[in-house]
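Summary of the model geometry
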Amino acid sequence: MPVLQKSASPLWGIWKIEESWEELLALSEQPEAYRPFLNGCRSDSRKAEWLAVRMLLRELTGRETRIAYQPGGAPYLPDMPYHIGISHTGGYAAILLHPDGPAGIDIEYRSERIRKLKSRFLTESELQLLGENPDTVELLVCWSAKETAFKMTGQRFADWLNDLHILACDFSRNDGFLTVQETLTPQSATYQIRYGIAPDFVLTRSL
């Protein structure tokens with residue numbers, strides 16, 4: 001079964017991409033609608049991710065529907081009453097659908113590379129929240145939570161250090177919450193971001 005995880009409240013899911021893009025295309029009810037993108041894409045892995053997102057959307061909603069994009073790149077569903085968040089990484093695709101919005105989701109493959117980047121996205125005060133020696137997964141969850149919050153703003157660009165701020169976090173379990181404030185918009189919204197930790201990836205999403 002390609003759907004690794006699915007939840008109804010809010011509506012979200014993860015697709016483990018084990019198929020080739022050709023196999024995913026064969027699952028589609030409207031393969032010709034996807035040909036223009038596929039013909040212009042050289043990467044087989046990118047084709048598979050793109051198609052997996054659409055197959056997952058069908059699994060969650062019960063029908064294939066078009067995903068469109070705002071000028072800034074944010075996805076939306078012109079034919080359905082949902083806000084949509086999309087993410088993909090290293091063999092997984094994830095979608096969150098919310099009737100009210102905003103919808104944000106991010107999935108990140110577990111990698112030690114994040115340790116080299118921590119000073120680029122975490123301030124000294126944020127590092128103090130994590131303690132003296134944060135582990136790789138905690139750093140990755142923080143990165144992912146900021147990514148999710150950024151998607152919720154609908155903005156095109158952000159400075160991870162100065163525009164997105166982790167105010168609170170609790171890593172005592174494999175699932176929990178972080179509080180993230182954005183200062184990209186006049187509202188300076190504060191979001192509760194839920195996280196989950198799996199053997200191969202971490203996932204964060206809006207509530």
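Provided above is the structure to which this section pertains.
Notes on the structure follow.

1. Here's the deal with the side chain of T136
Inspection of the secondary structure assignment puts T136 in helix α6 (residues 136–153). Only 3.4 Å separates the side chain of T136 from the side chain of R115, close enough to count as a polar contact. Aside from chain neighbours lying at most four places away, what touches T136 is S111, E112, I114 and R115.

2. Observations concerning the sheet that holds strand β5 (residues 83–89)
Hydrogen bonding along the main chain pairs the strands of a sheet, whether they run parallel or antiparallel. Ordered by their spatial adjacency, four strands build an open sheet running β1-β2-β6-β5, and the pairing between neighbours is antiparallel. Single-partner strands in this sheet number two, and they are β1 (3–8) and β5. Sheet twist, expressed as the mean angle between neighbouring strand axes with direction ignored, is 10°. Looking at chain direction, β1 and strand β2 (residues 11–16) are connected through five bridges and run antiparallel. Bridge pairing in β2 places A8 opposite L11. The sheet contacts of helix α3 (residues 44–61) involve β1, β2, β5 and β6 (92–98), and relative to β6 the element is tilted by about 40°.

Parameters and conventions
- Residues numbered from 1 in each chain as written.
- Predicted model: local features only at pLDDT ≥ 70, side-chain atom pairs only at ≥ 80, totals over all residues.
- Heavy atoms only, no water.
- Helix = DSSP H or I, 4+ residues; strand = E, 2+ residues; numbered from the N terminus.
- Polar contact = N/O pair within 3.5 Å; in protein donor to acceptor, adjacent residues only side chain to side chain.
- Contact = heavy atoms within 4.5 Å.
- Pairing = 2+ DSSP bridges.
- Axes fitted to C-alpha atoms, helices over the stretch in contact; angles between N-to-C directions.

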